[in-house]
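# Architecture at a glance
Each chain, letter by letter, is given below.
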Amino acid sequence: MQETAQQYTQRLFGYLNGRDPLKVQRETPKKLAKLITGLSRKQAMGRPEAGKWSIAEILAHLADTELVGGWRMRLIAGSNGVTIQPFDQDVWVETLGYARRDPKISLETFRVLREANLSMLKALPKAVWENYGIHSERGKESITHIVRMFAGHDLNHLMQVEAIRKGSRAKRAA
């Protein structure tokens, strides 16, 4: 059964478990770089099982999601109460060719976008962090809320990359 938008949000928040969301976001690019070090292109591109994303697809997703998140936060900062458009991540994976993207370029794109978004957040007046948008599937989301969601999203995908990485090591050892 597919989770609801509320269940998805609560799952992402649960991954934080009291951690500072900005610290999580600062550390994620380095952790991903470490996780993919030494992986062959074939290992990065291989799906762990049918219907599950490869490491390369996860990295491309993170890069595109960072672009979307940055846009949403900027839109909300300048236009409190604005409507936030959702996107279908599975459609993007196929349509935008995530499986064919170079994982190192996706990671670098993610890193640069994340750095820009963190710089923007650092400069943003604290009062503006409570500005919000209305996501058509998840409802009201403040910038504070989005920052927490993105940190949980990072942790979710870090766990996936770690699991795939461990699986590829186990296959090599067998």
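Look up a bit, the structure's there.
The paragraphs below set out a description of the structure included in this document.

### A closer look at the sheet that holds strand S2 (residues 132-135)
Sheet architecture is open: three strands sit in the order S1-S2-S3, paired in mixed fashion. One side of each edge strand has no neighbouring strand; the edge strands of this open sheet are strand S1 (82-84) and strand S3 (139-142). Adjacent strand axes in the sheet meet at a mean angle of 40° when their direction is disregarded. Strand direction decides the pairing type here: S1 and S2, joined by three bridges, are parallel. Bridge pairing links isoleucine 84 to histidine 135 in S2. Running over the sheet, helix H4 (residues 55-78) touches S1, S2 and S3 and is turned about 165° from S1.

### Observations regarding helix H6 (residues 103-123)
The end-to-end C-alpha separation of H6 is 30 Å, in line with the 30 Å expected for 21 residues at 1.5 Å each. The complete set of buried residues in H6 reads Pro103, Ser106, Leu107, Phe110, Arg114, Asn117, Leu118, Met120 and Leu121. Projection of H6 onto a plane perpendicular to its axis shows the buried side chains occupying an angular sector of 155°, all on one side. Structural note: H6 exposes Lys104, Ile105, Lys122 and Ala123 on the side pointing more than 90 degrees away from its buried face. N-capping of H6 is provided by aspartate 102, with a side-chain oxygen placed 2.8 Å from the backbone N of lysine 104.

### Notes on the pairing of S2
Regular strands place their side chains on alternate faces of the sheet. Side chains Gly133 and His135 of S2 all project onto a buried face; the interleaved residues Tyr132 and Ile134 project onto a face where none is buried. Here S2 folds back onto S3 in antiparallel fashion, the turn holding three residues.

### What to know about the pattern of salt bridges
Tallied over the entire structure, the rule returns twelve salt bridges. Between lysine 31 and glutamate 27 there is a salt bridge, with the nearest N and O atoms lying 3.7 Å from each other. In this pair, lysine 31 and glutamate 27 are both assigned in helix H2 (residues 21-36), four residues apart and thus about one turn of the helix distant. Accessibility expressed as a relative area gives 29% for glutamate 27, which makes it partly exposed.

### Observations regarding the packing of aromatic side chains
Under the counting rule described, the total for this entry stands at one aromatic pair. A centroid spacing of 4.3 Å and a plane angle of 25° characterise the contact between phenylalanine 87 and tryptophan 92, whose relative ring orientation is stacked. According to the relative accessible area criterion, phenylalanine 87 is partly exposed, its value standing at 26%. Directly above the ring of tyrosine 132 sits lysine 140, whose terminal nitrogen or CZ lies 4.3 Å from the centroid.

About the thresholds
Residues numbered from 1 in each chain as written. Predicted model: local features only at pLDDT ≥ 70, side-chain atom pairs only at ≥ 80, totals over all residues. Heavy atoms only, no water. Pairing = 2+ DSSP bridges. Helix = DSSP H or I, 4+ residues; strand = E, 2+ residues; numbered from the N terminus. Axes fitted to C-alpha atoms, helices over the stretch in contact; angles between N-to-C directions. Contact = heavy atoms within 4.5 Å. Expected span 1.5 Å × (residues − 1). Buried < 20%, exposed > 50% of the residue type's maximum accessible area, 1.4 Å probe, protein only. Arc of directions from axis to C-beta. Polar contact = N/O pair within 3.5 Å; in protein donor to acceptor, adjacent residues only side chain to side chain. Salt bridge = Lys/Arg side-chain N within 4 Å of Asp/Glu carboxyl O. Phe/Tyr/Trp six-rings, centres within 6.5 Å; stacked < 30°, edge-to-face > 60°. Lys NZ or Arg CZ within 6 Å of the ring centre and 35° of its normal.

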